Amino acid sequence: MAKTPTQNPRSRPSSSPSIPVERSNTFANRFREIIKLAENKAIDTGKNSETMRALCNSVVSLAWRTVDGSPTDICHWADGFSLNIHIYTALLSSVFDLKDDTMVLDEVDELLELIKKTWIILGVNKSIHNLCFTCVLFEQYIVTGQVEPDLLGASMIMLSSEVANDAKKVDREPVYVKMLASVLTTMREWLEKRLVNYHESFNRGSIGPMENNLPLFFAATKILEEDVPGHTSAGFEKGDELVDESAGNKVGYFIRTSMRNAFAKMLEEMSIDGASFELEEVSHTLIKLANETEELAAKEKEIFSPVLKKWHPISAGVAAVALHSCYGTLLKQYLTGATLLTKQTVLVLQKAGKLEKLLIQMVVEDSVDCEDGGKAIVREMVPYEVDSIIMNLLRKWIQERLKKGKEIIMRAKETETWNPKSKSEPYAQSAVDLMRHAKESVENFFEIPMVMSEDLVGDLADGFEHLFKEYVTFVTSCGSKQSYIPILPPLTRCSQDSRFSKLWKMVICSVRADEQNNHITDEGNHPRLSTSRGTQRLYIRLNTLHYFLLQLHSLDKTLSLSSKIVTSPRSRHSKNRQIGSYSYFDHTRSAIQVAVQHVSEVAAYRLIFFDSHSVFYGSLYVRDVENTRIRPALRALKQNLTLLCAILTDRAQPLSLKEVMNASFEAYLMVLLAGGSKRIFSRVDHQIIEEDFKSLKRVFCTCGEGLIVEDAVDTEAETVEGVIALMGQSTEQLIEDFSIVACEASGMGVVGSGQNLPMPPTTGRWNRSDPNTILRVICHRNDKVANHFLKKTFQLEKRRPY
């Protein structure tokens, strides 16, 4: 038990104080040597034993000592008060039954009366007896395994009734005050050690002793603070603030410390340390830890809080705050390493959020009787801000996915060759990579174990739509159809041929006709494709756009119909969902439609004006209509259309064929109207031209198993047929028609005397009612009437002979 101060064993202990022994005292040193030797070998106790004589001599010399060294006739049989008290407490211990040392003998009162007879011998009085008996009861409770709460209760009765009264007496002796301080401090420290770790010290079956520990602790503390001079409570730390050691605050300290100790034990059992927090498997451990923290909170509320609430009004609330802080520290440490959102990270955060709500509810329920309803203590809880953290990580995750998509586009701009990915996948690899990344991102997004707001889904969709539009713009960057259309030659009038030139023309045409026939025959045996690699790459661009459009629909459906989306009336997408329109990529769709139209036009005009130039615009009806007809051009066109249908996907073919048809019709019109000085047409050529154009129409009516309906071909052909009809009119009729429409177009009305017809502007929008179109037909007419009109009206020069 406690080390007690020393005193001489007289009836009045203060009259014979303890006499110190100097370190140089020969008898004391010899006494120590003998005792030390006795520990290893038994002392010879015979009459003639030299050791016994030395021992007796040392003891007698020490017993005759005085305070000032003067001679005395008093021999002290024991030096100091500590031995007296140990002897007395040993006597008091005899009140316990030898057969059951947790029980006090029935004859305890008689036995105590006998023990009191030793007071005068041992220097004990009633106050010292009460203090010693309290100490003996308390010590017996400890040494017997703390199984008998009655011993603790008896200690409490002695302390609160007898000792507390003795401590307030004015005639207390100094030795008693020292004993009181020593005994109570020892009791207090032992009790505090158990209370600061009460989760380890007590359980459901031992909650009774805890109920006695607390009042005994505060009773001892009260006596020390009020009745022991010089003894002050050290207080305890709460954060950075030193808090007074009042009962409520001290219980709060016990709660916080015990909760931290219990939490630390869980960490130790799970082998959690700071170094392992960057590992993925820690997520599972944190979830398990949250579950066990919930169980610890429930245990606190059910078992300990009812006892602690007697001393602290919101004991369960304090425990909840402590647990909230403990788990929050680990969560913060975990999130420091969790820079990216993963499924496990969300599970940890969601579990943390659930734990936080449970602990806050625990505080609120425990604080229902408080004036502020527990608001003050709730403010002590640094919120986990789980929702905010998840949202920030989600947005960061979205930005990382968009960044990777941007990298795919940038890489495509540097390396894309517009070759098909494979025969079965005739589109660009970059489109596959970008769309695969988008789909994986959406799938991973919805695999995150939480519901998603419409705005958050919208952020993801908007980000990818921006990337998609950028990629579509990249696919569309292939020039324009205007770059392939030949520059219109200047208007001139035809030259009449001399007899010699006519004869020479007949020879040349005959030779060219043979060459044409041989060329056609060769093509029949060895077809030579005229679709350039550049045009074929444009087809891959078209396939890529259609692939993108198809995948976009699938992606849009995944985003729109997910059951994990939480609707919000304020969301910018809620209206579309309400009316059944679930599209997140309308802008991209519109951009793709425009891009498909543009690329189809460019591919068609490149095919007709660039790839097929030699057999179409470059040679059709050059110098002679009859011997330079359209058949070679049609043969090449059919081959090119066959290749077009072989390369393009089914969805891309209809529009592409239509654009090729439009380009072909425009090229045919340019041959007729802007073919330059190498082309001359007479009225009799009308029938041949009409037949050739019907053949050209037939190619598109029969290609691709009805990909272009005949009515559509007829509609697009109306303009060409109108121009061909002009070519069948007489020159006089053409001049008359031109004069009328030219005046009307210029606003002149009827040309008066001395007025000239205005030169109509070239718009390129050919049609039979366009004055410039009619004028060009007249310019290509090789007769006197046409030459006279053109020279007189517009002073046009004759063409140079070819």
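Bear in mind the structure is a predicted one, so any value in this text is a computation, not a measurement.

**Brief notes about the overall build of the protein**
Across its full length, the protein carries 29 helices and four strands. Counting all 802 residues of the protein, 48% fall into the buried class. Total accessible area computed for the protein in this model is approximately 41200 Å², and 53% of it derives from carbon and sulfur atoms.

**Structural notes on a negative patch on the surface**
Negative charge collects at one region of the surface, where D106, E107, D109 and E110 lie side by side. Note on placement: D109 falls in helix α4 (residues 108-116). Relative accessible area serves as the criterion here: at 54%, D109 is assigned to the exposed category.

**Things to note about helix α29 (residues 784-794)**
Among the residues making up α29, those that are buried are A786, N787, F789, L790, T793 and F794. Taken end-on, α29 shows its buried residues confined to a sector of 165 degrees, consistent with a single buried face. Across α29 from its buried face, at more than 90 degrees, point the exposed residues K784, H788, K791 and K792. Against the buried residues of α29 lie α27 (731-746) and α28 (771-779). Note on α29: the residue one or two positions beyond its end, Q795, has a positive phi of about 55 degrees.

**Focus on a nonpolar patch on the surface**
Taken together, the side chains of L83, I87 and L91 make up a nonpolar region of the molecular surface, amounting to roughly 210 Å² of accessible area. Summarising the element assignment, L91 is placed in helix α3 (residues 82-92). L91 gets classed as partly exposed once you look at its relative accessible area, which sits at 31%.

**Things to note about the pattern of salt bridges**
Applying the stated criterion across every chain yields a total of 23 salt bridges. With a shortest N-O distance of 3.4 Å, K168 and E226 are connected by a salt bridge. Highlighted residues: K168 in the loop between α7 (149-167) and α8 (174-195) and E226 in helix α10 (residues 207-227), separated in sequence by 58 residues. The residue R436 makes a salt bridge to D433 at a minimum N-O spacing of 3.3 Å. Of this pair, R436 and D433 both sit in helix α17 (residues 429-447), three residues apart, roughly one helical turn. In this structure D433 comes out as partly exposed when scored by relative accessible area, which is 22%.

**Thoughts on a positive patch on the surface**
A cluster of basic side chains, namely R631, R635, K638, K694 and R698, defines a positive patch on the protein surface. Breaking the positive patch down by element, the ones donating at least two residues are α23 (631-647) and α25 (686-702). The element contributing the most residues to the positive patch is α23, with three residues. One can find R631 in helix α23. Of the residues examined, R631 reaches a relative accessible area of 56% and is grouped as exposed.

**Points about the nonpolar core**
In terms of nonpolar packing, the biggest core is built from 228 residues, with Y327, Y471 and Y668 touching the most fellow members. Counting residues per element, this core draws most heavily on helix α13 (residues 315-337), at 13 residues. Ignoring any residue separated from it by four or fewer positions in sequence, one finds Y668 in contact with F616, L620, Y621, I630, I689, D692, F693, L696, V720 and I724.

**Notes on unusual backbone geometry**
One can expect most non-glycine residues to show negative phi and most peptide bonds to be in trans. The backbone of E385 shows a phi angle near 55 degrees, a positive value even though the residue is not glycine. Note that E385 resides in the loop between α15 (375-379) and α16 (386-415). Positive phi is not limited to glycine here, since R623 has a value of about 70 degrees. Looking at where R623 falls in the secondary structure, it is placed in the loop between α22 (586-611) and α23. Classification of R623 by relative accessible area gives partly exposed; the value is 25%.

**A short note on the packing of helix α6 (residues 126-143) against α7**
As a packed pair, α6 and α7 sit with axes 8 Å apart at the nearest point and diverge in direction by 160 degrees. Comparing their axes, α7 and α6 come out roughly antiparallel. Two packed elements cross with a definite hand, and for α6 against α7 that hand is left-handed. Contacts between α6 and α7 involve K126, S127, N130, L131, F133, T134, L137, F138, Q140 and Y141 from the former and P149, L151, L152, A154, S155, M158, L159, E162, V163 and D166 from the latter.

**Re the environment of N165**
With respect to the secondary-structure elements, N165 resides in helix α7. Separated by 38 residues in the primary sequence, N165 and S127 place their C-alpha atoms 9.1 Å from one another.

**Description of the confidence of the model for the protein**
Here the protein shows a mean pLDDT of 83. Residues at 70 or above account for 85%. Predicted confidence in the protein is weakest over strand β2 (residues 241-243), with a mean pLDDT of 39, and strongest over α22, with 95. Residue range residues 234-244 is modelled with pLDDT below 50. Its contacts to residues more than four positions away, or to other chains, number 20 contacts. Note on residues 511-528: pLDDT under 50 across the span, and 17 contacts to partners over four residues away in sequence or across chains.

**Here we look at the packing of aromatic side chains**
Enumeration according to the criterion identifies 27 aromatic pairs in this entry. On the basis of an interplanar angle of 80 degrees and a centroid distance of 5.2 Å, the ring pair of F217 and F218 is categorised as edge-to-face. Look at F217 and you get buried, because its relative accessible area is 0%. For the ring pair Y253 and F254, a centre distance of 6.1 Å and an interplane angle of 50 degrees mean the geometry is tilted. Among the aromatic residues, ring-to-ring pairing joins W418, F464, F468, Y471, F474, F548 and F585 into one connected group. The ring of Y617 has R679 lying over it, and the distance from NZ or CZ to the ring centre is 5.4 Å.

**Focus on the environment of A591**
Among the secondary structure elements, A591 is positioned in helix α22. When the C-alpha positions of A591 and T473 are compared, they lie 8.1 Å apart, and in sequence the two are 118 residues distant.

**With respect to α6**
For the α-helix, the turn length of 3.6 residues means that residues three or four positions removed from each other point alike. Here α6 contains 18 residues, and its C-alpha end-to-end distance of 25 Å stays within 8% of the 26 Å for a straight helix at 1.5 Å per residue. Judged by how many residues are buried, α6 sits mostly within the fold: 14 of 18 residues are covered. For α6, the side-chain oxygen to backbone nitrogen distance between the N-cap and S127 is 3.3 Å, and the N-cap itself is N125. Positive backbone phi, approximately 85 degrees, marks G145, located one or two places after α6.

**Some remarks on the packing of helix α20 (residues 533-560) against α22**
α22 packs onto α20 with a crossing angle of 165 degrees between their chain directions and a minimal axis gap of 9 Å. Between α20 and α22, the angle falls in the class roughly antiparallel. In the crossing of α20 with α22, the sense of the turn from one axis to the other is left-handed. In terms of residue class, the contact of α20 with α22 is made up of 14 nonpolar, seven polar and five charged.

**Some thoughts on the side chain of E294**
Note on placement: E294 falls in helix α12 (residues 282-308). According to the relative accessible area criterion, E294 is buried, its value standing at 14%. Apart from residues no more than four positions distant in its own chain, E294 is found in contact with K351, K354, L355 and L358.

**Some details on the environment of W119**
Checked against the element boundaries, W119 lands in helix α5 (residues 119-122). Note on W119: relative accessible area 18%, which makes it buried. Sequence separation of W119 and Y88 is 31 residues, and the distance between their C-alpha atoms is 8.5 Å. Those residues in contact with W119 that sit more than four places away from it in its chain are Y88, V124, N125, K126 and H129.

Cut-offs applied
- Residues numbered from 1 in each chain as written.
- Predicted model: local features only at pLDDT ≥ 70, side-chain atom pairs only at ≥ 80, totals over all residues.
- Heavy atoms only, no water.
- Helix = DSSP H or I, 4+ residues; strand = E, 2+ residues; numbered from the N terminus.
- Buried < 20%, exposed > 50% of the residue type's maximum accessible area, 1.4 Å probe, protein only.
- Areas by Shrake-Rupley, 256 points an atom, 1.4 Å probe, with all protein chains shown as cover.
- Patch = residues over 30% accessible without salt bridge, like charges linked within 9 Å, V, L, I, M, F, W, Y side chains within 5 Å.
- Salt bridge = Lys/Arg side-chain N within 4 Å of Asp/Glu carboxyl O.
- Lys, Arg positive; Asp, Glu negative; His and termini not counted.
- Charge placed at Lys NZ, Arg CZ, Asp CG, Glu CD.
- Arc of directions from axis to C-beta.
- Contact = heavy atoms within 4.5 Å.
- Core = buried A, V, L, I, M, F, W, Y, C linked by side-chain atoms within 4.5 Å.
- Axes fitted to C-alpha atoms, helices over the stretch in contact; angles between N-to-C directions.
- Parallel < 35°, antiparallel > 145°, perpendicular 65-115°, else oblique.
- Left-handed = near helix turned anticlockwise from the far one by under 90°.
- pLDDT = per-residue confidence, 0-100.
- Phe/Tyr/Trp six-rings, centres within 6.5 Å; stacked < 30°, edge-to-face > 60°.
- Lys NZ or Arg CZ within 6 Å of the ring centre and 35° of its normal.
- Expected span 1.5 Å × (residues − 1).
- Polar contact = N/O pair within 3.5 Å; in protein donor to acceptor, adjacent residues only side chain to side chain.
- Nonpolar A, V, L, I, M, F, W, Y, C, P; charged D, E, K, R; others polar.

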